[in-house]
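# Breakdown of the fold
In case you want the letters, here they are:
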Amino acid sequence: MRRFWDVARAAAWLGWQVEANWADPVLFIAYSFAKPLATTLILWFMVAVVSHGHATRDTFLFLFLGNTFFLYVSEVLVGLSWAIFRDREDFETLKYVYLAPIRMIPYLTGRALTKIATASLGAGVALLFGKFVLGLSILGSPEILIRLIGVVLLGLLGIVFLGFALAGAALVMARHSMNLNEGLTGAFYLLCGAVFPIEVLPAWARGVSLALPFTYWLELIRRLLTGHAYAAPLRSMGDGALVGVLALSTVFLGAAATAWFTWCERTARARGLIDWKTNY
Amino acid sequence: MTSREAVLDTLRVNLAAVLARARVRVVASWRETSWVVGETVFPFLTMSAFVLVYRGLHAPRIYEAFVVLGGAMTAYWNNVLWSMASQFFWEKEQGQLQLYLITPVSRMSILLGMALGGMAMTTTRAVAILAGGTLLFHVPIPADRVLPALGLFALTLAAVYALGMILSSVFLLWGRSAWHTVTLFQEPVYLISGFYFPVRFLGAFAAGLAALLPITLGLDGIRQIFYGKAAHGFVPLPWIPPIEIALFALFLFLAHRALLLMETLGKREGRLTLRGG
């Protein structure tokens, strides 16, 4: 276990250097904040436009929280598969990672930690912006914050597992398939109701939405930070039941992602894809 | 060779370069199936999410149409950012840029080819997004106003891609920051250009600044053509085509100047090729 964290820590530091050492801190911070703040304001204006200046803060608050915390999903899912492509083809270092006496899962955990850190930076700023600039009533007692941290960590575990699955796919896929991973993130954004109530989805899509752990994760976060239920199909479920579904799905995701990643890794090594160059 | 023959020869070579660079882009856009799916589905999903935001807010249907039109335009803006502005940066990474520089053609011809190929490639994606949005969400697009809207759309594209040519020169000298800077121009421009809501609601000052971007003006004008006053237009419609033409001419001139300047600077500082080691 100690070895796992040593490798993860080193990989997180490497990831941080890749992410952040290209620019001075001010530009890097601007880059980290630009996306979450811009999407927050897009949603703000959309609500304001429709309600002709009488935007209901509660309505916006639900959209805002979903959009802000979804940042973790997009950053980690896209980030982990990108890390494989970049290491393999741009920096040509993936083969050296395999030559080193380390395993890939701790290495990827470290890279995921960097992504979680940059997403936390963006999400944190967006939350502060929402609370203090937009005047949103986000609950923030110590007890709620502790529960929120627990829920966020549980959700992040599932996101990281899914990230491992996509990183596994990246090992056996060409670089130009990256769009598909981004598309998958877009599908999650749409289906888990990050910015709208899932009851407006058609029935078949609602079924898919209820099969996604992120739907329950975002609902839990919204309930914690606002004190109200949001998604109509989940209103009958208590917070404990939502946590149970999230925990179960995380265990399932963990088992499935590990098995899938192991298979992909074995396939990539057998086919000589670890130092594959697919850029054209 | 007489001077007339020399001019004709230069024209012929540059025209061939334009067509060749455009052809690469068009052929490549169809060769990789995952790109076709990714470039169509990804913006479509995001657009759908924003349509459903309005549906969740019980907004009038016309707002969903704003999003569908904006969603189609995001395909062009993303193409300008990722395949025009940062293209020379990619080319430098792959060792292709130096080949362009030793050919006897104007760099503007290469950029023009990229722009024309990019427009052709992105139009297939934008049409898919527009058709999908119209059919799936049943947004109202008045068929009798399509022709004038297409006219303004063509002017908008010319100015937007000319802006992309300027950015391409600027990005030429950047290192890894080019990549990250592109993302700075993505969501913030979706916001200030009013891709998902009428830009007028940003307020006169912010909307006025945003109107310096041809895509903001174009989208504002296209919505006005389709929906009249209900589009909550910012700039009066008759003003938009002449402004777009003026922006096109200005950006093309600036692109030419910027390209010369950046190339000279890049040669002097040795930044046109990647350093090994």
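Starting from 1, residues in each chain are numbered consecutively following that chain's sequence as written. Chain letters start at A and ligand numbers start at 1, both assigned in the order the entries are written. Since the coordinates come from a predicted model, pLDDT governs what is reported: local features require at least 70, and pairs of side-chain atoms require 80 or more to be given and counted, while whole-chain, interface and lining totals use all residues.

### Let's talk about the overall build of chain A
A count of helices and strands for chain A gives 10 helices and 0 strands. Put simply, chain A runs from its N terminus to its C terminus through helices and strands in the order α-α-α-α-α-α-α-α-α-α. What you see for chain A is a C-alpha radius of gyration of 19 Å, in line with the 19 Å of a compact globule of 280 residues. By principal-axis analysis of the C-alpha atoms, chain A measures approximately 60 × 40 × 40 Å. Here a strand is any run of E in DSSP of at least two residues, a helix any run of H or I of at least four, and the numbering for each starts at the N terminus. Only C-alpha atoms enter the radius of gyration; for comparison, a globular chain is expected to reach 2.2 Å times N to the power 0.38, where N is the number of residues.

### Considerations on the overall build of chain B
Looking only at helices and strands, chain B features 12 helices and 0 strands. Reading the helices (α) and strands (β) of chain B from amino to carboxyl end gives α-α-α-α-α-α-α-α-α-α-α-α. Over its C-alpha atoms chain B spans a radius of gyration of 20 Å, differing by no more than 12% from the 19 Å that the globule rule assigns to 277 residues. For chain B, the spread of C-alpha atoms along the principal axes amounts to about 65 × 45 × 35 Å. Residues classed as buried in chain B amount to 48% of the 277 residues present. Two residues form a contact once the distance between their C-beta atoms, set from the backbone, is within 7 Å. Intrachain contacts of chain B at a sequence separation of at least 6 include 80% that bridge at least 24 residues. Once C-beta atoms are placed from the backbone, each residue is buried if 20 or more other C-beta atoms lie within 10 Å of its own, exposed if 12 or fewer, and partly exposed for counts between those two.

### Here we look at the interface of chain B and chain A
Interface size, as often reported, equals the accessible area lost upon joining of the parts. Tallying the contact residues gives 35 residues for chain B and 34 residues for chain A. Those elements giving two or more residues to the side of chain B that touches chain A turn out to be α2 (33-56), α8 (177-184) and α9 (187-192) of chain B. Looking at which element gives the most residues to the side of chain B that touches chain A, the answer is α2 of chain B, with 16 residues.

### A word on the packing of helix α7 (residues 146-172) of chain B against helix α11 (residues 214-227) of chain B
Residues and elements named next belong to chain B. The contact between α7 and α11 brings their axes to 9 Å, and the two run at 175 degrees. For the element pair α7 / α11, the angle class is roughly antiparallel. Every residue of α11 that contacts α7 at Pro-148, Ala-149, Leu-152, Phe-153, Thr-156, Ala-159, Val-160 and Leu-163 is listed here: Pro-214, Ile-215, Gly-218, Gly-221, Ile-222, Ile-225 and Phe-226. Across the contact of α7 with α11, the residue classes break down as 12 nonpolar, 3 polar and no charged. Axis lines are fitted to C-alpha atoms, over the contacting stretch for helices. Their N-to-C directions set the angle, which ranges from 0 to 180 degrees. Throughout, the term roughly parallel applies to angles under 35 degrees, roughly antiparallel to angles over 145, roughly perpendicular to angles from 65 to 115, and oblique to all others. Throughout, the ten residues Ala, Val, Leu, Ile, Met, Phe, Trp, Tyr, Cys and Pro are labelled nonpolar, Asp, Glu, Lys and Arg are labelled charged, and all others, Gly among them, are labelled polar.

### Some remarks on helix α1 (residues 2-20) of chain A
Residues and elements named next belong to chain A. Helix span, expected: 1.5 Å multiplied by one less than the number of residues in the helix. The first and last C-alpha atoms of α1 sit 27 Å apart over 19 residues, in line with the 27 Å expected at 1.5 Å per residue. When we look at burial in α1, the residues that qualify are Val-7, Ala-8, Ala-11, Ala-12, Gly-15 and Glu-19. On an axial view of α1, the arc spanned by its buried residues comes to 140 degrees, and they lie on one face. Pointing more than 90 degrees away from the buried face of α1 are the exposed residues Arg-2, Arg-3 and Gln-17. Looking at the packing, one finds that the buried side of α1 touches α3 (57-90) and α5 (104-133). An arc is given here, and it is the one of the directions from the helix axis to the C-beta atoms.

### Comments concerning the nonpolar core
In plain words, the nonpolar core is the set of buried Ala, Val, Leu, Ile, Met, Phe, Trp, Tyr and Cys residues that C-beta atoms within 7 Å link up. Core analysis: the biggest nonpolar cluster contains 168 residues, and Leu-43, Tyr-72 and Val-76 of chain A together with Val-53, Tyr-161 and Ala-162 of chain B have the highest contact counts within it. In terms of residues, this core owes the most to one element, α3 of chain A, which gives 18 residues. When sequence neighbours within four positions are dropped, the list of residues in contact with Leu-43 of chain A reads Phe-60, Leu-63, Phe-64, Asn-67 and Val-195 of chain A together with Val-53 of chain B.

### With respect to the environment of Val-127 of chain B
Looking at the element boundaries, Val-127 of chain B is found in helix α6 (residues 107-137). A C-alpha to C-alpha distance of 9.2 Å links Val-127 of chain B and Thr-40 of chain B, two positions 87 residues apart in sequence.

### A short note on unusual backbone geometry
All names here are of chain B. Positive phi, close to 55 degrees, is recorded for His-58, a residue that is not glycine. Positionally, His-58 belongs in the loop between α2 and α3 (61-85). For His-138, which is not glycine, the phi torsion reads 55 degrees and is therefore positive. With respect to the helices, strands and loops of the structure, His-138 is situated in the loop between α6 and α7. By the C-beta count within 10 Å, which is 10 here, His-138 ends up exposed.

### Re the environment of Ala-126 of chain A
All names here are of chain A. Here Ala-126 lies in helix α5. According to the C-beta neighbour criterion, Ala-126 is buried, with 24 such atoms within 10 Å. Distance in space between the C-alpha atoms of Ala-126 and Leu-65 is 9.3 Å, their sequence separation being 61 residues. Sequence-distant contacts of Ala-126, that is, excluding residues within four places in its chain, are made with Pro-36, Leu-37, Thr-40 and Thr-68.

### Description of the packing of helix α6 (residues 142-172) of chain A against helix α10 (residues 239-270) of chain A
All names here are of chain A. The N-to-C vectors of α6 and α10 enclose an angle of 20 degrees; their axes lie 8 Å apart at closest approach. By the angle between their directions, the pair α6 and α10 is classed as roughly parallel. Crossing hand, α6 versus α10: left-handed. Residue composition of the contact of α6 with α10, by class: 18 nonpolar, 7 polar and 1 charged. What makes a crossing left-handed is the near helix being turned counterclockwise from the far one by less than a right angle; a clockwise turn instead makes it right-handed.

### A closer look at the environment of Thr-258 of chain A
Inspection of the secondary structure puts Thr-258 of chain A in helix α10. Thr-258 of chain A sits 251 residues away from Val-7 of chain A along the chain, and the two C-alpha atoms are 18 Å apart.

### What to know about the confidence of the model for chain B
All names here are of chain B. Residue-level confidence of the predictor is summarised by pLDDT, bounded by 0 at the bottom and 100 at the top. The pLDDT averaged across chain B works out to 88; a share of 96% of its residues lies at or above 70. When pLDDT is averaged over each element of chain B, α11 comes out on top at 96 and α8 at the bottom at 74. Reported confidence for the predicted complex is 0.87 by ipTM and 0.87 by pTM.

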